[in-house]
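Each chain, letter by letter, is given below.
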Amino acid sequence: MNKRVFHKVSYGMYIVSSVKDGKFNGQVANTVFQITSDPPRIAISINKENLTHEFIESSKRFSVSILSKEAPLKLIGKFGFKSGRDIDKFKDTKYEVVDGLPVITEGVIGYLIAEVEEKMDAGTHTVFLGRVIDADITGDGEPMTYSYYHEIKGGKSPARAPTYVDEKELKAAEEKKKPAIKYVCTICGYVYDPEKGDPDGGIPPGTPFEEIPDDWTCPVCGASKEDFEVVEE
């Protein structure tokens, strides 16, 4: 089975947030779906080990911030690869409180607020069904898709994401070998592709990794250039 096909399934990129005891937490999610229109309902899939899952279980409410194509990778890195148990993700993050829940205002084109009506145990994840009680459009850009995040932004899925695919497993299943021309961040898994460069970080397309300034850092997690290694293919 070629698990890369899951990258072809159409998804969006979102930040799902909730509240517990007056504290906010959120995470990147790509499984947010509209289920009904009257009344409007959406479903989300959240890993049981994530702090956001605990917050949603407690408050029975959640917000969904819809990321745009222009959303900075550092925002995705903070909410996708760091734990709310270790840092306050909303510190130095632009957001506002709507109906008692945090809504990101940076790199976002809209939001939804929902109250949990039902939930389904999906093994490692819980699927929460929520009735939308508030929603608005906050920007004019285009929504970031999961495919765009992978192919254009060069991003990876967190290990607890429902669509996570083990790259080592994929490589073992692929018989053809390709030249090692890319570099992977050993901290978060971001892949630097010389053909694409890092325009947001001032590195134009076509820049070899060796020519990147030594003070350049990973656009997702902020790791140093020394934390990158050649992708072995």
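As the structure is a computational prediction, the values presented were derived from the model and not from experiment.

**Structural notes on the sheet that holds strand β12 (residues 228-230)**
At step 1: Spatial strand order, β11-β10-β12: three strands in an open sheet with antiparallel pairing. For this open sheet the edge positions go to β11 (191-192) and β12, each flanked by a neighbour on one side alone.
At step 2: Inspection of the sheet shows strand β10 (residues 183-185) paired to β12 by three bridges, in the antiparallel sense. Across the sheet, residue V184 finds its bridge partner in β12, namely E229.

**Some remarks on the packing of aromatic side chains**
At step 1: All told, the structure shown has eleven aromatic pairs when counted by the stated rule.
At step 2: Both rings, one in F90 and one in Y95, keep their centres 5.0 Å apart while their planes meet at 70°; by these two values the pair is edge-to-face.
At step 3: Grouped by ring-pair contacts, the aromatic residues Y183, Y190, Y192, F209, W216 and F228 constitute a single cluster.
At step 4: Across from the ring centre of F209, 5.2 Å away, lies the NZ or CZ of K225, which sits over that ring.

**Remarks on the environment of Y183**
At step 1: Its location among the elements puts Y183 in strand β10.
At step 2: Taking C-alpha positions, Y183 is 6.8 Å from D193, a pair spaced ten residues apart along the chain.
At step 3: A polar side-chain atom of Y183 sits 2.8 Å from a polar atom in the side chain of E210.

**What to know about the state of the cysteines**
At step 1: Counting across every chain of the model gives zero disulfides.
At step 2: As a non-bridged cysteine, C221 has C188 as the owner of its nearest cysteine sulfur, 3.7 Å distant.

**Considering unusual backbone geometry**
At step 1: Here D38 and P39 are connected by a cis peptide whose omega angle stands at 0°.
At step 2: Of note, P39 is situated in the loop between β3 (32-37) and β4 (40-47).
At step 3: Positive phi, close to 65°, is recorded for D92, a residue that is not glycine.
At step 4: Mapped onto the elements, D92 comes out in the loop between α2 (73-81) and β6 (95-98).
At step 5: Positive phi values are uncommon outside glycine, yet D99 reaches one of about 55°.
At step 6: One can find D99 in the loop between β6 and β7 (101-104).

**Quick word on the pattern of salt bridges**
At step 1: Under the counting rule described, the total for this entry stands at nine salt bridges.
At step 2: For D193, the salt bridge identified is with K182, shortest N-O distance 3.8 Å. Taken together, the positions of D193 in the loop between β11 and β12 and K182 in the loop between α4 (167-173) and β10 put the pair eleven residues apart, joining distant regions of the chain.
At step 3: For K182, a relative accessible area of 28% corresponds to the partly exposed category.
At step 4: Shared partners join several salt bridges into a network, and the residues in it are R41, E115, E117 and R131.

Rules used in this analysis
Residues numbered from 1 in each chain as written. Predicted model: local features only at pLDDT ≥ 70, side-chain atom pairs only at ≥ 80, totals over all residues. Heavy atoms only, no water. Pairing = 2+ DSSP bridges. Helix = DSSP H or I, 4+ residues; strand = E, 2+ residues; numbered from the N terminus. Phe/Tyr/Trp six-rings, centres within 6.5 Å; stacked < 30°, edge-to-face > 60°. Lys NZ or Arg CZ within 6 Å of the ring centre and 35° of its normal. Polar contact = N/O pair within 3.5 Å; in protein donor to acceptor, adjacent residues only side chain to side chain. Disulfide = S-S within 2.5 Å. Salt bridge = Lys/Arg side-chain N within 4 Å of Asp/Glu carboxyl O. Buried < 20%, exposed > 50% of the residue type's maximum accessible area, 1.4 Å probe, protein only.

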